[in-house]
Each structure stands twice: as structure tokens, then as C-alpha cells.
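# Commentary on secondary and tertiary structure
Here are the chains, one letter per residue:
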Amino acid sequence: MGIFDAFRKDEVIGTKVLVCQFGPDLRPKFDEHLKSDLRVYQRFYPSASSAMFTSVAELRGAVGHQYDILHLFCDIAESGVISDASGDRITGTELLKSAVDSNIKLLWIGNDNPQQAYDAGFKTKGLKINVVLTLRRLGSNTSLFLDNLLTKMAAGDTLSKAWTVASHPEGKSVQPDLPHTVSWIGRGSVVLR
């Protein structure tokens, strides 16, 4: 790797997006937020799709379909585990590693989960993936933030630059309307078009 490779953009044309929810039953718990975020993705990526999964096996299968963005709504236990009704489970770290193996560039947990759950189960160190873990959506603010982020990438900004600008708007020292998230930019040079 040469010195200039650090400045090279990893541009993806025709970005594949899956917005999905996982739950142990068919109850559409996150339906409103899923539809809101899906509409935003479809403005930029018309082929963005949605799905609902009730088993960890289905979730693992979806990760293996090599999407560029996986936007997931699910409850995460305090231990950092996602589990289904049969007792099958996957830790956040296992999910992240599967996502990296499938060349997913951005994994976003779109609903509120406690910080302890993310700290316990989502170990990102050394992983070449961008991760956004939502602590508090603040209503429709996450969809507005997502729109702002994707607008910047559509203009050619890398995810790293778009994230920095969107999460720290010029002229605003306090951002009360931004969703509260934990983020890891492990593949910041990617541009998702």
C-alpha cells in the first residue's frame, strides 16, 4: 500500500441496500421507522429493498447476500446478543464479522438500544466496516440526518467526510436534533452512489 492509497476513494456505483427488521415474531415493531428510513434510501438508491426476519438463520442469510448497506432494526440484549424465539443467537461482533466477510460497507442499527448492549456485543476494533449504532433516534430526526448524509455522498463525499459534516453542521455549536449514535468509521474512504 502506497502513501497515496490512503487518499483513494472506494466508490460504489449501484449501491445495494437492505432495510430490515428482526424480531422473534411477525409483529412489525419498527414498521414506522423502517418505512421512513426506507423512503430516504429509495430517493438515492431506487432499488433499496426491505424485509422482515424472525430467525437468526434468516438474518445471517440476508447478510450473505452482499449488500453494500444493511440498515437493521432489532432489539439487542444487554449482553450484546440478538436472539430469536428458538434460542438461536448471534452476537453483535459475529454480525459485524459476517458483514465484513460479505463486503458490507455500512451496517446501521436503526432503533434505540442501550449503550451497555453495544459495548458488550459490538467489538469493532480492526474491522474494515462503517458501523452506526443508534442510542436514541429522536423521532424523525434520524431519517432527516440520513437524508443529509446520503445527499453529501451523492455529491461525491466519502462516508467519513459526509459523516463529519452531517454530524457537525457549520455554525451550530449544539446539535439537539441529531440522533444519538455510536459510530465506527472503519472504511471511511467509501462513497456509496
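Scroll up to find the structure this text is about.
One structure accompanies this document, and this report is about it. (Residues numbered from 1 in each chain as written. Predicted model: local features only at pLDDT ≥ 70, side-chain atom pairs only at ≥ 80, totals over all residues. Heavy atoms only, no water.)

## Some remarks on helix H2 (residues 56-63)
For an α-helix, 3.6 residues make a turn, and residues three or four places apart therefore share a direction. Taken residue by residue, H2 has Val56, Leu59, Ala62 and Val63 as its buried positions. Down the axis, H2 shows its buried residues gathered within 120° of arc, on one side only. (Buried < 20%, exposed > 50% of the residue type's maximum accessible area, 1.4 Å probe, protein only. Helix = DSSP H or I, 4+ residues; strand = E, 2+ residues; numbered from the N terminus. Arc of directions from axis to C-beta.)

## Remarks on the sheet that holds strand S3 (residues 49-53)
Ordered in space as S3-S2-S4-S7-S8-S9, the six strands form an open sheet in which the pairing is mixed. Edge positions in the open sheet fall to S3 and strand S9 (180-185), since each of these has one partner strand only. Going from strand to strand, the sheet's axes swing by 15° on average, the running direction of each strand aside. As paired elements, strand S8 (residues 130-136) and S9 share six bridges and run antiparallel to each other. Residue pairing across strands places Val131 opposite Trp184, the latter belonging to S9. (Pairing = 2+ DSSP bridges. Axes fitted to C-alpha atoms, helices over the stretch in contact; angles between N-to-C directions.)

## Section: the side chain of Asn130
Among the secondary structure elements, Asn130 is positioned in strand S8. Here Asn130 falls in the buried class, since its relative accessible area comes to 0%. A polar atom in the side chain of Asn130 sits 2.9 Å from the backbone oxygen of Arg187. (Polar contact = N/O pair within 3.5 Å; in protein donor to acceptor, adjacent residues only side chain to side chain.)

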